[in-house]
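# Tertiary structure, described
So the chains spell out like this:
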Amino acid sequence: MDKTTTFQPGLNGVIAAETKLSYLDVEAEEIVIRGYDLIELAEKRQYIDLIQLLLKGRLPDGAEQQELEETLKLEAPLSDSLVQLLAKLPKDTHPMDALRTGISALAGYDKNLGERKNLEQTILRLLAKIPVITAGSYHLLQEKSILEPDPDLSYSANFLYMLTGRVPDEQEASIFDQSLMVYSEHEMPNSTFTARVIASTNSDLYGALTGAVASLKGNLHGGANEAVMHMLLEGRSVEGFRQLLLEKLARKEKVMGFGHRVYMRKMDPRASLMKEALRKLAAVKNREDLLECCEAGEELMKEEKGLYPNLDYYAAPVYYLLGIPIDLYTPIFFSARTLGICAHVAEQYTDNKLFRPRVHYTGPRGLHP
Ligand SMILES: CC(=O)SCCNC(=O)CCNC(=O)[C@H](O)C(C)(C)COP(=O)(O)OP(=O)(O)OC[C@H]1O[C@@H](n2cnc3c(N)ncnc32)[C@H](O)[C@@H]1OP(=O)(O)O
Ligand SMILES: O=C([O-])CC(=O)C(=O)O
């Protein structure tokens, strides 16, 4: 096989699938979701609208929106046996690992496991339950009781309530909903690719999502949002943060929250939206110092490396000001991304071709035992 035409390290720039779901148009600075601009959707619609858009290809009307909210509320509670299983995990389990276990375990409760005709129903059940597993397993790991979903709250407000134990105000709920929207779908990141690869063997949706959680946990992907917040806290002040970043660069370390395989030399449009959200929250919560640190880091990385923030860089301080424990940032990212991944798995099933690439062999030949 000709190495030069077939091998791209990290599959950089390789087209791995055809999709009607989303596309990153870097030139136009647009994240296209089924024909719409994700940022405009995040400014004008709600996460719940994206569910129908991604799964069915069109935005819901008011009645459909209400029906969807009702279905999600109905499907949200976890069975006692699943709660007991999560409660048995060692207390130092990372919430992302607890989430992976919870999603994997859900397969055993699905009487129609693997039946394609029930796929949409299964996806809605997962979208209802995954936020409850995310928040619930965290509280169980803290040796606290799980907070039951509050049916009087909207999908996103309830998710935030279950995470923090406090009913959010309108602005907090709206900013959190926006964050879920910008995390919901992003073309072909490692986790989505992982899920599509698993689905391409005709394996089931739970398995595809379980693999995707493991992928998204890594700090080159979703795990970066938690790492960003630890870095901001370690820096403490504008000067401390600048110093910390300079030290990391001197040691040739990757600085979490910067750079992106697709937008390496441009600002991630989702990061700009979250920066705006941070500006609003910082003003209300009197934490302009945190915004100043982030802006100083952004400037420094532009000057020193020509690198720009990705979504994780600004989502992290937004979650911090919403009062969310840091260990939950990556599980929240996955909970929001469940939607995009499920839509990709459904698409993979409808026009499946087993993923099975080849290698460029660099080992020896002709040896004998
Ligand atoms: C929502 C999301 O999941 S977005 C991604 C979140 N992940 C992060 O924030 C982790 C930090 N960022 C990174 O590690 C990278 O930018 C990635 C993994 C996202 C993309 O990486 P790749 O496309 O594989 O590019 P690669 O890692 O080879 O970087 C290219 C060059 O830019 C440098 N670079 C890229 N990102 C960074 C960074 N965050 N800090 C310092 N240098 C960086 C690399 O050192 C490399 O330099 P070199 O050519 O001198 O060796
Ligand atoms: O697209 C990627 O590679 C990573 C990313 O930003 C995401 O998954 O949201």
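Residues numbered from 1 in each chain as written. Chains lettered and ligands numbered in written order. Predicted model: local features only at pLDDT ≥ 70, side-chain atom pairs only at ≥ 80, totals over all residues. Heavy atoms only, no water.

Moving on to the overall build of the protein chain. A count of helices and strands for the protein chain gives 17 helices and three strands. In terms of C-alpha radius of gyration, the protein chain reaches 21 Å, essentially the compact-globule figure of 21 Å for 369 residues. Summarising its shape, the C-alpha atoms of the protein chain cover approximately 70 × 55 × 45 Å along the three principal directions. A total of 369 residues make up the protein chain; the buried ones form 51% of that total. Once local pairs closer than 6 in sequence are excluded, the contacts in the protein chain between residues at least 24 apart make up 74%. Accessible area for the protein chain stands at about 17700 Å²; split by element, carbon and sulfur atoms hold 50% of it. Of the side-chain charges in the protein chain, 42 are positive and 52 negative, and the distance between the mean point of each set is 7 Å. (Helix = DSSP H or I, 4+ residues; strand = E, 2+ residues; numbered from the N terminus. Rg over C-alpha atoms; globule rule 2.2 N^0.38 Å. Buried < 20%, exposed > 50% of the residue type's maximum accessible area, 1.4 Å probe, protein only. Contact = heavy atoms within 4.5 Å. Areas by Shrake-Rupley, 256 points an atom, 1.4 Å probe, with all protein chains shown as cover. Lys, Arg positive; Asp, Glu negative; His and termini not counted. Charge placed at Lys NZ, Arg CZ, Asp CG, Glu CD.)

Quick look at the site of ligand 2 now. Around ligand 2 sit His186, Pro189, His221, His260, Arg270, Phe333 and Arg337, and that is every residue in its neighbourhood. Within the side chain of Arg270, a nitrogen or oxygen atom sits 2.7 Å from an oxygen atom of ligand 2. Between ligand 2 and the protein, one listed contact pairs an oxygen atom with a side-chain N or O atom of Arg337 at 2.8 Å. Here ligand 2 has 260 Å² of accessible area as a free molecule, and 82% of this is covered by the chains. By residue class, the composition of the shell around ligand 2 is two nonpolar, three polar and two charged. (Near = heavy atom within 4 Å. Polar contact = N/O pair within 3.5 Å; in protein donor to acceptor, adjacent residues only side chain to side chain. Nonpolar A, V, L, I, M, F, W, Y, C, P; charged D, E, K, R; others polar.)

Here Met274 is to be found in helix H14 (residues 269-284). The buried category is assigned to Met274, whose relative accessible area is 0%. Placed 44 residues apart in sequence, Met274 and Val318 show a C-alpha to C-alpha distance of 7.2 Å. Leaving out residues up to four positions away in the same chain, Met274 has contacts with Ile175, Gln178, Ser179, Val182, Leu311, Tyr314, Ala315 and Val318.

Turning our eyes to something else, we now look at the nonpolar core. Taken as a class, soluble globular proteins show a tendency for nonpolar side chains to be buried jointly. By size, the foremost hydrophobic cluster in this structure holds 119 residues, and its most contacted members are Phe176, Ile324 and Phe334. Among the elements that line this core, the one with the most residues is helix H7 (residues 119-141), at 13 residues. Aside from chain neighbours lying at most four places away, what touches Ile324 is Leu160, Leu163, Thr164, Phe176, Tyr319, Tyr329 and Ile332. (Core = buried A, V, L, I, M, F, W, Y, C linked by side-chain atoms within 4.5 Å.)

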